[in-house]
Amino acid sequence: MTAPVSRRMVDVSGSEALWLLEGAAQGRLVYVQRESAVIRPAVHLLQYGRLVVRAPAQATALCDRTALTYQADDIRVAGGIGWTVTATGPAEVITDADEAAHYRRTLPGWVHGPHDTLVRIHPQTVTGFRITREEA
């Protein structure tokens, strides 16, 4: 007879959360627009403690934000394990042409045109947890 499996969430430290985030390639950019949460698929890289994100969002929707949130995860439903990380902090749209060209070569975009924005988030709050299995 197979023993039941229970799952639990285990908090991870900020440094482990950043390590997990660095190893992921995709996530979601989250912001509020007209009093509603907006969630966009995104790709990212962690460089010099800053999170560079490329997302299908209009720059005008992001440029006046005091802070943005980015979330990434790797959850394996079949195995019942995984992790999730959320980073929040001040952000700015990358407008320098040379820097933007570099990141457009480095990060594959979801779309091209006015809904293709590069943003740099300075994470001030980084939280995360692992989902683990416990044999009963």
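Coordinates for the structure precede this section.
Note that the coordinates shown come from a computational prediction; the quantities given were computed from them, not determined experimentally.

Engineer: So what exactly am I meant to see when it comes to the overall build of the protein here?
Structural biologist: Along the backbone of the protein there are 3 helices and 9 strands. The order of α-helices and β-strands along the protein, N terminus first, is β-α-β-β-β-α-β-β-β-α-β-β. Dimensions along the principal axes, computed over C-alpha positions, put the protein at roughly 60 × 30 × 25 Å. Taking all 136 residues of the protein together, the buried fraction comes to 37%. Sequence-distant contacts, at least 24 apart, represent 72% of the contacts inside the protein between residues at least 6 apart. Carbon and sulfur atoms form 53% of the exposed surface of the protein, whose accessible area is close to 8000 Å².

Engineer: Looking at this structure, I do not really get the environment of Asp96. What am I missing?
Structural biologist: Examined against the element boundaries, Asp96 turns out to sit in the loop between strand 7 (91-93) and helix 3 (97-106). Given the relative accessible area of 42%, Asp96 is considered partly exposed. As a C-alpha pair, Asp96 and Phe129 span 33 residues in sequence and 35 Å in three-dimensional space. In this structure the side chain of Asp96 is engaged in a polar contact, spanning 3.3 Å, whose partner is the backbone nitrogen of Asp98. A distance of 2.8 Å separates a polar side-chain atom of Asp96 from the backbone nitrogen of Glu99.

Engineer: Sorry if this is basic, but what is going on with the side chain of Arg120 here?
Structural biologist: With respect to the helices, strands and loops of the structure, Arg120 is situated in strand 8 (residues 117-121). Excluding residues that lie within four positions of it along the chain, Arg120 makes contacts with Arg50, Leu51, Pro90, Ala91, Glu92, Ile94, Glu99 and Tyr103.

Calculation criteria
Residues numbered from 1 in each chain as written. Predicted model: local features only at pLDDT ≥ 70, side-chain atom pairs only at ≥ 80, totals over all residues. Heavy atoms only, no water. Helix = DSSP H or I, 4+ residues; strand = E, 2+ residues; numbered from the N terminus. Buried < 20%, exposed > 50% of the residue type's maximum accessible area, 1.4 Å probe, protein only. Contact = heavy atoms within 4.5 Å. Areas by Shrake-Rupley, 256 points an atom, 1.4 Å probe, with all protein chains shown as cover. Polar contact = N/O pair within 3.5 Å; in protein donor to acceptor, adjacent residues only side chain to side chain.

Read these as spatial facts, not as claims about activity.
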